[in-house]
Amino acid sequence: MKGRPAGGFLAAVGAGLALAIASSPAAADTRAVADGNDAPGRLDIRRATQGHAGSRTVTHSVTTSRRFASSFLQGENAFTFHFDTNARPARFERFVFVFWANGRLRAMVANRRGSIGAARVSRPNGRTVKVRVRKSQLDPAGYHWLVASFFPSGFDVAPNQRLAFHDLTPPRITRLSFPDPSTNASATLTFPVSFKLADASGIRSWVLQRRLAGTAWRPVARGRGTGVKTRQVTGVEGDDYLFRVRATDRAGNTRTSATRRVSVPLDDANVDLTDAFVGDSWQVAPGPGFLGAFHATGGPEDTFEYEFVGRYVAWIAAPTTSPMSATVNIDGAETLVDLSSFTGERVKVFEQGGLDPSSPHTITISSDVAGITVDGLVFR
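Below is a summary of the structure that appears in this document. Because the structure is predicted, anything quoted here is derived from the model rather than measured.

### Notes on the sheet that holds strand β31 (residues 373–374)
Move 1: The antiparallel open sheet is built from 3 strands, whose spatial order is β23-β24-β31. Sheet topology places β23 (283–286) and β31 at the edges, where each strand pairs with a single neighbour.
Move 2: When strand β24 (residues 293–296) meets β31, the two strands line up antiparallel, connected through 2 bridges. Paired with His295 across the two strands is Val374, which belongs to β31.

### Here we look at the sheet that holds strand β29 (residues 347–352)
Move 1: With antiparallel pairing, 4 strands are arranged side by side in an open sheet as β21-β32-β26-β29. Every interior strand has two partners, whereas the edge strands, β21 (266–267) and β29, have only one.
Move 2: Across 5 bridges, strand β26 (residues 313–317) lies against β29 in antiparallel orientation. Considered in β29, the bridge of Ala317 is made with Val347.

### Structural notes on the environment of Phe97
Move 1: On the secondary structure map, Phe97 appears in strand β5 (residues 94–101).
Move 2: As a C-alpha pair, Phe97 and Ser115 span 18 residues in sequence and 9.7 Å in three-dimensional space.

### What to know about the packing of aromatic side chains
Move 1: Scanning the entire structure with this criterion turns up 12 aromatic pairs.
Move 2: Here the aromatic rings of Phe68 and Phe79 are separated by 5.7 Å at their centres, their planes lie at 55°, and the arrangement is tilted. Here Phe68, found in the loop between β3 (57–64) and β4 (78–84), pairs with Phe79, found in strand β4; they are 11 residues apart in sequence, far enough to count as distant.
Move 3: You can call Phe79 buried: its relative accessible area is 0%.

### Quick look at unusual backbone geometry
Move 1: Cis geometry marks the peptide bond from Ala158 to Pro159; its omega dihedral reads -5°.
Move 2: Looking at the element boundaries, Pro159 is found in the loop between β11 (154–158) and β12 (164–167).
Move 3: Here Asn102, not a glycine, exhibits a phi torsion of approximately 55°, which is positive.
Move 4: Mapped onto the elements of the fold, Asn102 is located in the loop between β5 and β6 (104–111).
Move 5: Within the chain, Leu291 stands out as a residue other than glycine whose phi angle is a positive 60°.
Move 6: Among the secondary structure elements, Leu291 is positioned in the loop between β23 and β24.

Calculation rules
Residues numbered from 1 in each chain as written. Predicted model: local features only at pLDDT ≥ 70, side-chain atom pairs only at ≥ 80, totals over all residues. Heavy atoms only, no water. Pairing = 2+ DSSP bridges. Helix = DSSP H or I, 4+ residues; strand = E, 2+ residues; numbered from the N terminus. Phe/Tyr/Trp six-rings, centres within 6.5 Å; stacked < 30°, edge-to-face > 60°. Buried < 20%, exposed > 50% of the residue type's maximum accessible area, 1.4 Å probe, protein only.

Below, the structure is given as structure tokens:
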């Protein structure tokens, strides 16, 4: 090409190769593609690769069957990378042309009208050329591509059956569902968590992580593939967890989901709550309660009173269809709770946050009628 190619030549090459290569997109991203028809020619392509170089740059390389000097890439000898950036593979929108000019190896990014900027080019070894291109010059979301080599006896391309897909978009993590075990999701310390993963190139790996406040993230489940994922997770009574999902696609893009909180309650039978049940008429009622049972008042003289330190408190009870209410007192401030307004086997009938974590607080539950239930408490 003697220094620099003409825009018309690039357009003609792109149009010809678009017809020569199958237009169907690759089903999944690949890190390296083999040529599959290698010959002993100096610029016959053996393989091509793609990758990342930071958050703003992508890399592409081409490796030949034989060694060649950088100065060999002049005249009729050249490499061109061809990019379909608009998902319509009938033609290419971007090119990177690699050539020798003015005593050194150069790379130019072009569209069908001509040059739009330079790219960095290097020689990792005697058979390979590598270019670094800014994502903004291609498509930040991803694109299809191939590489071609030109020499006097013809040209070679890789991949030689269909365009390769370079996915630059991180996975999508949606439908995060992390229900507290104190609800109808579970009556035990084991509860379901679920989420949905989607990605154009497929999910290479995902990990479900959790941590307690002040501790490091730890994995609790791993897997791969797209779609809805559901796992059963076991917690510890009284612990307050943060959960998140990290997913990596086959192109190496990674996304971390938003965090979700799951607070495992203290069961009413926990030894820490033994002295909180004040009165002689409290009864333990077996049934669909958290961990298999709950406490119920036998008369108005029965109350629940417990001192704790934290920012938040919640009362889990077994709802009733009968008209029934209870009074919750937090440090002298009273709230009337209508238990008949709740449905389900277990539910948070009262919760309060925004408390001062530096001083102790007291929660008191009382009622003028019998049958008020305490199935568990959440403190955090």
